Every structure is written in structure tokens, then in C-alpha cells.
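Listed here are the chains, written in short residue letters.
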Amino acid sequence: MEGEDPQERPDYISSIINGLERYNPEAVGTLEDYLRAQCEQRYCDMNANRTLLKLSTNARYQLNPDRLKDEVITNILVKAMTCFPSPQFSLALHIIPPSILAPTSRGELPEAISKLRELDTQLQGAQYARFWATLDSDDLYADLVADIDGFEELIRIRTATLASHAFREIEISVLAEWLGLDEAAATKFVTETAGWKIEDGQVKVPRNAENEAKKAEVREDVNVEMFSRIVRRAWEETA
Amino acid sequence: MSAYDEDYDESLVQDLKEQTAFEDGMGEDLERVSSMTMAQQTDDIQSRLAAAAQPLDFSAPLAVKFESYDSYCNLFHFILNSDGPVDLEPPSYYWAWDVIDEFIYQFNSFSSYRMRLARQPRDNEEDRQILRENPNTWGCYSVLNVLYSLIQRSQISEQLGAMKRNEDPMTVAGEYGKKNLYRMLGYFSIIGLLRVHCLLGDFSLALKTLDDIELNKKAMFARVMAAHFTTYYYVGFSYMMMHRYADAIRMFSHILVYVSRTKNFQKNAQYDSITKKNDQMYALIAICVAFHPTRLDDTIHTALREKYGDQLLKLQRGGPESLPIYEELFKAACPKFISPVPPDFDNPEANVDPIDHHLAIFMDEVKTNMWSPTVKSYLRLYTTMDLKKLAGFLEVQPEELRSYLLVNKQRTKQLRWTDQSLLDGEWINVSDLDYAMQGDLIHISEAKVGRKLVDWYLRNLARTYN
């Protein structure tokens, strides 16, 4: 799964999340530093981040509320969002205590989460143009994504990659809207970052396994093991 | 070597105990036990072992639920923290499963009751007061603590690892894990942990818990029908929540086929208790099939049409009319989720039923996908199609249709479990329908599915034996 177990993960993080240390409130500091590293170095370890999310949201209620930092929770959610369309964002939401997510709850954190949830829904629904419009619609969004280095570029790269899986050719005007760029900037992104050509306003996406849509025949794979039980039974019953 | 392991083991148990003691009051319970004399404990131990596996009446008064919690704490403390392994045989093969099952069931129903009272301020003031003052009784950290401790003590993960490598598990079982009592409790605690993580909404951790158990091999849990059944329900449900619908269908189908083929051999009581879960799994299959249309096993297909035929039809049509059906089926078939934190008795309206919480998040995904059935049903009719023309048929803007097409395309790529860890898998195209766009021209290809004969052949062959 996207953003789940990155190669960059150091051993001391593995030993926290794979052992009982994952329940130790003392691990919060280490995991927060690790989250900061992910934000700065543009990779994502949601397995570790969910451990942190549980420790810090449960701590809010059980240990000392002043330990909870809202930006830890929102940063984790923004990181999860950059892994679209994988279910990372919803997996993170599921472990946030229900009362924080409730439609009736007020306060800065519930409001921030519901804003991020709207953004994620647009990414999941491939409504990329709407995503950029929403992101621009409120200054709060800029604050929420401020800690995540290269947030906009990460989103653009994923969007372009996903588009390349579905399109052989796509109008530059359409792709520009999806990338949240004007046509000149989009042209630069497409030719320089993605390395694709543009002819007559059409972006030519190189062939890949996804955008071929080849005709295929699904045949049943038959192997000996499928029959092992019945053969054994025949053997046992005659013996 | 083994002495080192035990020390290490002991220190981990100690660690966990210390970590959780101050937040869940388990520490006090442990104190209380140590003040009892050992003689008292051994006298009544057999009856306590038997009692731990006995179902508690759902409507038992709160005081009884508190007592029951105390006696579980005492029993587990005795088993885990006596001087060396206790010399007891489990009363029966099913005992260890029954204990863990009942322990989690009581935790679950206690949590639901507490949540219900917290949400209804005028109900039962006396119980509310007791619950408010004891937020840590049946706390989720205590329950997790017990399960993890049993797993650690029995070295069950090490034992299963050895079995996987075809080595003798006894060489790594340690002083405790050699004994049936510990091995069985440890083993079923793994399944218990799968269940508790799922109840708390951590679906990937739930699946990760089963890393040591080989699902496709002859697993120990399969000998206890209820354990077998429960495992597949929670694994399937966790897969569904991770949007891995093909794997969810596979898990549900596997166990439902097994049940339908063995129901004549099952003892009646056992079979009755799984009937409800059986229906729930059909409801979940209906949801997953709507997301990911696939050919089902004949037995499953027939039963699904009988039980949920109307609902399935509506789900498969998609659109906003399908949403209430998703909600209805989800609510009827999901586990009774537990909130990871105790409710706030001073603000009844702040407490959200955890089922609504998980449902709401799941419905985001449902809404994202709700146009896929419609789009697919049109695409099947053509080999090429103009996007604007199709948008006209569907009465949506071309931009909307592009989004629908992208969503559907993205969801047909799914991780599919092979035989490694449950969280791993291969990325495959799970749909027989594929398409790619060239500007506004949609190229569509449909894979031809050859007849699947092996299953049919095996089933008919099996029939000749009977």
C-alpha cells in the first residue's frame, strides 16, 4: 500500500511500531521527530504515523491534554492525503476518537479535520480542479499544509501519474486545471517534470501498462495442487 | 538461552504492565490479587477456569459486570504472574478459545452499554455514576494488556515461526509455551487481538496481527469452528475497510462455503451461534460485490440472492438511491465498534456512537464510487465512445464524467493477497473491463472470461463420494 512501509524507515522506528513500545507514551517524541523528517524529506510512513496518531489522540483524553499538539494530527492527515487514491487518509480517520470527528463538535481541531476531509474527498473523487479551488478558498488551508514540504508538487506529481494511467492523450487545458496551474506553467511541468511531449495542445502520454487497455482473455489457471485433496481422499478411502 | 528469553519476556510483560497500569487501574487489581493467599487460589482454580469460559447474561447488572472484570483480572494475573508456569491443563480443547471469546465479548458489550448510558442522560443515574467513577474498568488498554501478555508468555509467535520453517516449536516454546494452557491461550489471544484492533477501528494493525498465522494452511484455529469463523469475519471486514474488496470477498466466500458444506456435521448449538454472523457476512459480500463485481461461488451466489437479492440489485444500480442500502447493510453487518476513549458523561451530545463514526468514513468511499456501476454499464456496450456523447447520455458535464472514469479506473487496480502477510499482495487489475482515453475518445476493452471448470469439477466429484 502506498506510503505504508517506506525504505527510509530507520530501525529504531521499526522496533517501536513492531513491539509493545507502540503503546508507550514516551515514544511520542521520537515519532513526532520522525513525522517532521517525513514532512521535510517528502516521504511517508503511515504505519508509524498511525501509531503516533493513536498515542497522541488517546493521550488527549487519558494522560495530559496539554501534550496533544493539533498540528501533529493535521500533519499526519495531510501526509496521508498525499498518498491518494490509497485509503491512507480514511485509515487515519478511523482511529481518531469519534467525538473529535463528530459533525457537531466545535473547536479548531474538528474544524481543521473536516476541512482536510473535504480536500481528500475531492482527490479521491478525481475532482482535481475542484481540489485546487478549495485549497485557494480559505487561508486556513495554507496553514494546514505549511509544514509539508512540497505539498503542491507532491499532489501534482501524483495527479499526473494517475492521469497517465488512464490517458494516452489529454488536452493541455484539461491537465492544467487538474494540476492547478495556468497553461504556461502546466506546459513547463509536463515537458520538464514529467518529460512528455505536447503536440497541437494535446499532451502525448507515453504508453504504459495501464493506458493500453489491451484485450485479454482470462483463463483459469489449473495446477495439480487444486486436485490434491480429492486425490488424497480417493487414496485414503480405498486404503 | 532459555533463561535469557524468560527474563526478556518477563521484562516486556513488566514494561507493558507499567505502561498501562497508571492509566487503567489494572495496577490496583494486581495488588488486590497478591493479597490473596496462594492456597485460596489453587482451591478454587478449576471452578474459576470453567467460569471464565461461561457466557455472562447480556442483561446482567452492572455490579456483576464489574465482578466479572475483577475475576478475569485475577485469573489472568494468576496464570501470568505466578511463580513459574501454573501446572494446569485446560479443561477442554475449546476452553482457551471460549475464555478469550467471552472476555472480549464482555468487554465489547460493556463498552456498548457505557456508551449508551453516556448518550442518554436521563437513563439510570446510579449506573452512570458508577461508570463515571470507574473509567478504567474494562478499559481497552487492560484488555490489550491481557492479550499481549498471553502472547508473550506463551512465545506463541516464536512457536508459529518455527512451525512455518518446519522446525519443532517446542525448542522455542520456553518454560511456559510448552504447556497446553499457555500455548492455547496465546494462540487464541492472537485471534483476540485481530478482533480488538478491528473493534477499535485499526484495520491494518488487525491484519498485521495475523502475520504469524498461515491462513491458507491447516491453521490451529480451524479446529474450533467458532474461532475459524470469527477469524474470517474480522479478516474480511478489515480488508473491506482497507478498500480491498476482492480480498474481502475471497475471505467471506471461503468461510461461507466451508460452513455450507459442513453444516450437517456441526453440533447444533455451535451452528446456531454462527447463523447471525453468517447473514452478516452475506450482507458484507453484497457491499463488496457492488464495489467489485465478480463471479461468486455458486453456493454463495444463490444464498446471496435469497437473502439480499433486492438490496444487491439496488447497490448494483449505484447512484444516490443506493446510499441508504449501503448504510442499512453496513449497520446490520459491522462489528459493534468500541470507542478507544471512555465517553464524556458530562456532555452527552459529545459522545458519538462509534458505529456512526466508522460508517460515515466508509460512506465517503461509497459516495466517491457511486457512479461507477452506471459508467461501467454504458462502457460495456461499446468498443469506442466519445466522452462528450457519453456525458450527454448520463446527463452530466464532461468534467464530471472524466472524474468518474478516473475513479473507476483507479479502483480497478487493487492489491491482492497471495500467500504472504495479509497486508501484502500483488497489484492486479481486478476488473474484466478496461479502458483508456485518447483525448475525448474512450477505447474500451473487455476481457473474455473463459469458463471456470475446476471448482465445478471438484464439487461434482466430491458428490460422488457421498
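Remember, predicted model here, so these are calculated numbers, not experimental data.

Chemist: Can you walk me through the overall build of chain B in this structure?
Modeler: Helix and strand counts for chain B come out as 22 helices and six strands. Sequence separation of at least 24 residues holds for 72% of the intrachain contacts in chain B that already meet a minimum separation of 6. Carbon and sulfur atoms make up 51% of the accessible area of chain B, which totals about 20500 Å².

Chemist: Mind showing me how you'd approach empty space enclosed by the protein here?
Modeler: Remark: the empty space left among the atoms is shown by a probe the size of a water molecule rolled over them. Residue and element names in this part refer to chain B. Evaluated as defined, the whole model comprises 12 cavities of 30 Å³ or more. If you add up the space inside the largest cavity, you get close to 160 Å³. In terms of lining, the largest cavity is formed by 20 residues, of which the most central are Ala290, Phe291, His292, Ser372 and Lys376. Looking at the lining of the largest cavity, the elements with two or more residues in it are α15 (268–291), α18 (354–369), α19 (372–379) and α21 (398–411). The leading source of residues in the lining of the largest cavity is α19, at three residues. Residue composition of the lining of the largest cavity, by class: nine nonpolar, nine polar and two charged. No fewer than three residues from each of domain 2 (224–342 + 351–369) and domain 3 (370–465) sit in the lining of the largest cavity.

Chemist: Looking at this structure, I do not really get unusual backbone geometry. What am I missing?
Modeler: A negative phi holds for most residues other than glycine; trans holds for most peptide bonds. A cis amide bond, omega 0 degrees, links Phe84 of chain A with the succeeding residue Pro85 of chain A. By secondary structure assignment, the location of Pro85 of chain A is in the loop between α4 (70–81) and α5 (88–95). The backbone of Gln155 of chain B sits at a positive phi, close to 50 degrees, despite the residue not being glycine. The class for Gln155 of chain B is buried, based on a relative accessible area of 10%.

Chemist: How should I be thinking about the domain arrangement of chain A in this particular structure?
Modeler: It is common to report an interface's size as the accessible area lost on association of the parts. Residues and elements named next belong to chain A. We note that the domain assignment places domain 1 (1–126) and domain 2 (150–239) within chain A. Look at where the C-alpha atoms of domain 1 and domain 2 centre, and you get two points 28 Å apart. Domain 1 puts nine residues into the contact, and the matching count from domain 2 is eight residues. Between domain 1 and domain 2 lies a buried interface of about 830 Å² when both sides are counted; carbon and sulfur atoms form 69% of it. Of the charged contacts in the structure, one is a salt bridge between Glu153 and Arg42, with a shortest N-O distance of 3.4 Å.

Chemist: Whenever I open this one, the packing of aromatic side chains confuses me. Can you help?
Modeler: Describing an aromatic ring pair means giving the distance of the ring centres and the angle of the ring planes. Residues and elements named next belong to chain B. All told, the structure shown has 33 aromatic pairs over all chains when counted by the stated rule. Summarising the aromatic geometry, the rings of Phe66 and Phe110 are spaced 5.9 Å apart at their centres and angled 70 degrees between planes, so their arrangement reads as edge-to-face. Placement of the pair is Phe66 in helix α5 (residues 62–81) and Phe110 in helix α6 (residues 95–119), with a sequence separation of 44 residues. An angle of 25 degrees between the planes, with centres 6.3 Å apart, marks the rings of Tyr233 and Phe237 as stacked.

Chemist: How do you make sense of the domain arrangement of chain B when you look at a structure like this?
Modeler: Residues and elements named next belong to chain B. Under the domain assignment used here, chain B contains domain 1 (57–220), domain 2 (224–342 + 351–369) and domain 3 (370–465). The partner domain 2 presents 28 residues to the 28 residues of domain 1 that form the contact. Summed over both partners, the interface of domain 1 with domain 2 comes to about 2500 Å²; 74% of that surface belongs to carbon and sulfur atoms. Connecting domain 1 to domain 2 are zero salt bridges. One can count two residue pairs in polar contact (both at pLDDT 80 or more) joining domain 1 with domain 2. Among the secondary structure elements, those contributing two or more residues to the side of domain 1 that touches domain 2 are α6, α11 (180–199) and α12 (203–209). Tallied by class, residues from the side of domain 1 that touches domain 2 come to 20 nonpolar, five polar and three charged.

Chemist: Honestly, the side chain of Ser322 of chain B in this entry has me stumped. Any pointers?
Modeler: Residue and element names in this part refer to chain B. Summarising the element assignment, Ser322 is placed in the loop between α16 (298–317) and α17 (323–333). Judged by relative accessible area, which is 1%, Ser322 ranks as buried. Here the side chain of Ser322 touches Gly319 through a polar contact of 2.7 Å, landing on its backbone oxygen. Residue contacts for Ser322: discarding those within four places in its chain leaves Lys314 and Leu315.

Chemist: Would you mind showing me how to read the interface of chain A and chain B here?
Modeler: Counting residues at the interface gives 65 residues for chain A and 71 residues for chain B. Both sides together, the interface formed by chain A and chain B hides about 5900 Å², and carbon and sulfur atoms give 60% of it. Looking only at chain A, the three residues that lose the most surface to chain B are Leu20, Tyr23 and His94 of chain A, adding up to 14% of its buried area. Of the charged contacts, one joins Lys413 of chain B and Glu210 of chain A as a salt bridge, the two residues approaching to 3.2 Å between their closest N and O atoms. Inspection of the chain A/chain B interface yields 19 residue pairs in polar contact (both at pLDDT 80 or more). Pairing of strand β1 (residues 167–171) of chain A with strand β4 (residues 433–438) of chain B involves two bridges; the strand directions are parallel. Of the residues in β4 of chain B, the one forming a bridge with Phe167 of chain A is Met437 of chain B.

Chemist: Help me out: how do you make sense of the environment of Asp386 of chain B in this one?
Modeler: All names here are of chain B. On the secondary structure map, Asp386 appears in strand β1 (residues 384–386). Residue Asp386 is classed as partly exposed on the basis of its relative accessible area of 34%. Through-space distance from the C-alpha of Asp386 to that of Arg116 is 54 Å; in sequence the pair is 270 residues apart. Of note is the side chain of Asp386, whose polar atom sits 3.1 Å from the backbone nitrogen of Lys388.

Chemist: I'm lost on the pairing of strand β5 (residues 441–446) of chain B in this one. Help?
Modeler: The side chains of a regular strand alternate between both faces of the sheet. All names here are of chain B. Relative to β5, β1 runs antiparallel, the two sharing three bridges. Counterpart to Met385 in the pairing with β5 is Ile442. Looking at chain direction, β4 and β5 are connected through six bridges and run antiparallel. In the strand pairing of β5, Ala436 is matched with His443.

Chemist: Is there a simple way to think about the pattern of salt bridges in this case?
Modeler: Side chains that differ in sign of charge can pair as their charged atoms come close. Summed over all chains, the structure comprises 33 salt bridges over all chains. Glu169 of chain A serves as the salt-bridge partner of Lys204 of chain A, at 3.0 Å between the closest nitrogen and oxygen. A residue pair is termed long-range when its members are at least 10 positions apart, and Lys204 of chain A in strand β3 (residues 202–204) and Glu169 of chain A in strand β1 qualify at 35 residues. In this structure Lys204 of chain A comes out as partly exposed when scored by relative accessible area, which is 28%. Of the charged contacts in the structure, one is a salt bridge between Lys331 of chain B and Asp356 of chain B, with a shortest N-O distance of 3.5 Å. Pair noted here: Lys331 of chain B is in helix α17 and Asp356 of chain B is in helix α18, with a separation of 25 residues, a long-range link. Since its relative accessible area comes to 45%, Lys331 of chain B is described here as partly exposed. Here the salt bridges do not stand alone but share partners, grouping Arg244, Asp247, Arg250 and Arg416 of chain B into one network.

What counts and how
Residues numbered from 1 in each chain as written. Chains lettered and ligands numbered in written order. Predicted model: local features only at pLDDT ≥ 70, side-chain atom pairs only at ≥ 80, totals over all residues. Heavy atoms only, no water. Helix = DSSP H or I, 4+ residues; strand = E, 2+ residues; numbered from the N terminus. Contact = heavy atoms within 4.5 Å. Areas by Shrake-Rupley, 256 points an atom, 1.4 Å probe, with all protein chains shown as cover. 1 Å grid on protein atoms, 1.4 Å probe; cavity = no way out; pocket = protein on both sides within 12 Å on 5 of 7 lines; lining within 4 Å. Points joined across faces, edges and corners; volume = space filled by probe spheres on them. Nonpolar A, V, L, I, M, F, W, Y, C, P; charged D, E, K, R; others polar. Domains from an automatic or database assignment. Buried < 20%, exposed > 50% of the residue type's maximum accessible area, 1.4 Å probe, protein only. Buried area = accessible area lost by both parts, 1.4 Å probe. Salt bridge = Lys/Arg side-chain N within 4 Å of Asp/Glu carboxyl O. Phe/Tyr/Trp six-rings, centres within 6.5 Å; stacked < 30°, edge-to-face > 60°. Polar contact = N/O pair within 3.5 Å; in protein donor to acceptor, adjacent residues only side chain to side chain. Pairing = 2+ DSSP bridges.

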